[in-house]
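Next come the chains, spelled out residue by residue.
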Amino acid sequence: MGGWKKTMQKQDEFLARRPGIIGEDQFRQYAVLIPLLDTPEGIFLLFEKRSDKLRRQPGEICFPGGKLEQGETFCECAVRETVEELLVKPQQIQIFGPGDIYISPFNLIVHSYLGVIKEYQNTFSTDEVAEIIRIPLDFFRNQQPAHYESRLINEPPEDFPYEWIPGGENYPWAKGTYDIYFYRYENQIIWGMTAYVVRSAVKLMDEYHLFPPHEQMQ
């Protein structure tokens, strides 16, 4: 009976498990904070323009965030990176909860978190950030992003064993597409991965009534 009970316990654990992502170990894991500011003019999303001194994606508009470090959770990563990039204290950040997970077709997974930064004084690290950008939340509620379809092409390596698969070099590879989104606010362009995260986050905020239009946080 003991072995049967153990088997049933393992089956219950399996039933309750959180499914993993096959091949996840091949993806780079990042976390970002979607910062919100409560102002007399309403709720704003806070973005960063990346410094031109950075090696990767200089000059692009993004949220504070970075690569997951060993031993930390994704939420801790998002908070740590925000503290480093915006020069705020951890206690100034109030996390509301997780956003959706963005999986890039280019071996990248981004975990997002929604939160408000209290008493923010427009500070930022000039090592990583060129400027900060505030955009009203209602702009994203009322503006659908432009989108353009990009094709994904399968290119096997030169030593690929075509003789192992039906059809060989004439195998009918599946074809895919990838939508690239753009938001234009005044002279600022939010696009790509950041636009995906914004679009998803605004839907979540409306679905869960986190920040009703024209209503400020108490």
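Not measured: the values here are computed from a predicted model.

### Points about the environment of Glu-131
Item 1. Inspection of the secondary structure puts Glu-131 in strand β7 (residues 129-136).
Item 2. For Glu-131 and Leu-37, which are 94 residues apart along the polypeptide, the C-alpha to C-alpha distance reads 16 Å.
Item 3. When neighbours within four sequence positions are excluded, Glu-131 is seen to be in contact with Phe-47, Glu-48, Lys-49, Phe-124 and Gln-188.

### Details of a nonpolar patch on the surface
Item 1. A cluster of nonpolar side chains, contributed by Ile-21, Ile-101 and Ile-103, occupies part of the molecular surface with about 240 Å² of accessible area.
Item 2. The residue Ile-21 is located in the loop between α1 (2-16) and β1 (28-39) in this model.

### A word on the pattern of salt bridges
Item 1. According to the stated counting rule, one finds eight salt bridges in the structure shown.
Item 2. A salt bridge links Lys-10 to Glu-13; the nearest nitrogen and oxygen atoms lie 3.6 Å apart. Of this pair, Lys-10 and Glu-13 both sit in helix α1, three residues apart, roughly one helical turn.
Item 3. Here Glu-13 falls in the partly exposed class, since its relative accessible area comes to 41%.
Item 4. For Asp-138, the salt bridge identified is with Arg-141, shortest N-O distance 3.1 Å. Remark: Arg-141 and Asp-138 occur in helix α3 (residues 137-142); sequence separation between them is three residues, near one turn of the helix. The residues Asp-138 and Arg-141 share a single accessibility class, namely buried.

### Examining the nonpolar core
Item 1. Residues Leu-45, Phe-47, Phe-140 and Val-198 are the most contacted members of the largest nonpolar core, which totals 30 residues.
Item 2. Where this core is concerned, the elements lending two or more residues are β1, β2 (42-50), β6 (108-117), β7, α3, β9 (176-185) and α4 (192-207).
Item 3. Looking at which element gives the most residues to this core, the answer is α4, with six residues.
Item 4. In this view, Phe-47 contacts Ile-61, Cys-62, Phe-63, Glu-131, Ile-132, Ile-133, Ile-135, Phe-140, Ile-190, Thr-194 and Val-198; residues no more than four positions away in its chain are not counted.

### Focus: helix α2 (residues 74-86)
Item 1. For α2, which comprises 13 residues, the first-to-last C-alpha distance of 18 Å matches the rise-based estimate of 18 Å (1.5 Å per residue) to within 8%.
Item 2. Looking at the packing, one finds that the buried side of α2 touches β1, β2, β4 (65-67), β5 (93-104), β6 and β7.
Item 3. Remark: Leu-87 follows α2 within two positions and exhibits a positive phi of approximately 55 degrees.

Cut-offs applied
Residues numbered from 1 in each chain as written. Predicted model: local features only at pLDDT ≥ 70, side-chain atom pairs only at ≥ 80, totals over all residues. Heavy atoms only, no water. Helix = DSSP H or I, 4+ residues; strand = E, 2+ residues; numbered from the N terminus. Contact = heavy atoms within 4.5 Å. Patch = residues over 30% accessible without salt bridge, like charges linked within 9 Å, V, L, I, M, F, W, Y side chains within 5 Å. Areas by Shrake-Rupley, 256 points an atom, 1.4 Å probe, with all protein chains shown as cover. Salt bridge = Lys/Arg side-chain N within 4 Å of Asp/Glu carboxyl O. Buried < 20%, exposed > 50% of the residue type's maximum accessible area, 1.4 Å probe, protein only. Core = buried A, V, L, I, M, F, W, Y, C linked by side-chain atoms within 4.5 Å. Expected span 1.5 Å × (residues − 1).

The values reported here are purely geometric and, on their own, carry no functional implication.
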